[in-house]
Amino acid sequence: MNRPLLRSELKAHRSHEHLVKQRDAFVQRHGEELGAFYFLVMLLQTYGKKALDRGDLQSLRALAYDLQAVYKKHTQ
């Protein structure tokens, strides 16, 4: 028997579903590769702004490192 989800679990599940729908919309509008790239840029912008507002330099450095890794992967 399954227990009902906690409020925090429901929030996380709905957030995940929303992100999947956004990614699918980007892919449908722009194609597989460009849509995935636009979705990634949107995520970086969103999480970067939140980290900047919090003053969280570690998160900003991690985002910059991740973006650099994606750039290197696709340019070499």
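Residues numbered from 1 in each chain as written. Predicted model: local features only at pLDDT ≥ 70, side-chain atom pairs only at ≥ 80, totals over all residues. Heavy atoms only, no water.

As a further point, take the pattern of salt bridges. Counted under the stated rule, the structure contains four salt bridges. Salt-bridge contacts for glutamate 32 lead to arginine 23; the nearest nitrogen and oxygen are separated by 3.3 Å. Accessibility expressed as a relative area gives 28% for arginine 23, which makes it partly exposed. For arginine 54, the salt bridge identified is with aspartate 56, shortest N-O distance 3.2 Å. When its relative accessible area of 55% is taken as the criterion, arginine 54 is described as exposed. (Salt bridge = Lys/Arg side-chain N within 4 Å of Asp/Glu carboxyl O. Buried < 20%, exposed > 50% of the residue type's maximum accessible area, 1.4 Å probe, protein only.)

Attention now goes to the packing of aromatic side chains. Counting across every chain of the model gives two aromatic pairs. Ring geometry for phenylalanine 37 against tyrosine 38: centres 6.2 Å apart, planes inclined by 45°, an arrangement best described as tilted. The exposure class assigned to phenylalanine 37 is partly exposed, which follows from its relative accessible area of 42%. (Phe/Tyr/Trp six-rings, centres within 6.5 Å; stacked < 30°, edge-to-face > 60°.)

Moving on: the packing of helix 1 (residues 7-30) against helix 2 (residues 32-54). For the pair helix 1 and helix 2, interaxial distance at closest approach is 7 Å and the crossing angle is 140°. As the angle between them shows, helix 1 and helix 2 are arranged oblique. In terms of crossing hand, the pair formed by helix 1 and helix 2 is right-handed. Contact residues: Leu19, Gln22, Arg23, Phe26, Val27 and His30 in helix 1; Glu32, Leu34, Gly35, Ala36, Tyr38, Phe39, Met42, Leu43 and Tyr47 in helix 2. A class-by-class count of the residues in the contact of helix 1 with helix 2 yields ten nonpolar, three polar and two charged. (Axes fitted to C-alpha atoms, helices over the stretch in contact; angles between N-to-C directions. Helix = DSSP H or I, 4+ residues; strand = E, 2+ residues; numbered from the N terminus. Parallel < 35°, antiparallel > 145°, perpendicular 65-115°, else oblique. Left-handed = near helix turned anticlockwise from the far one by under 90°. Contact = heavy atoms within 4.5 Å. Nonpolar A, V, L, I, M, F, W, Y, C, P; charged D, E, K, R; others polar.)

Assignment of secondary structure puts phenylalanine 37 in helix 2. Distance in space between the C-alpha atoms of phenylalanine 37 and valine 70 is 9.8 Å, their sequence separation being 33 residues.

Right, let's get into a nonpolar patch on the surface. Side chains of Leu34, Phe37, Tyr38 and Val41 sit close together on the surface and give an oily, nonpolar patch of about 330 Å² of accessible area. By secondary structure assignment, the location of valine 41 is in helix 2. For valine 41, a relative accessible area of 35% puts it in the partly exposed group. (Patch = residues over 30% accessible without salt bridge, like charges linked within 9 Å, V, L, I, M, F, W, Y side chains within 5 Å. Areas by Shrake-Rupley, 256 points an atom, 1.4 Å probe, with all protein chains shown as cover.)

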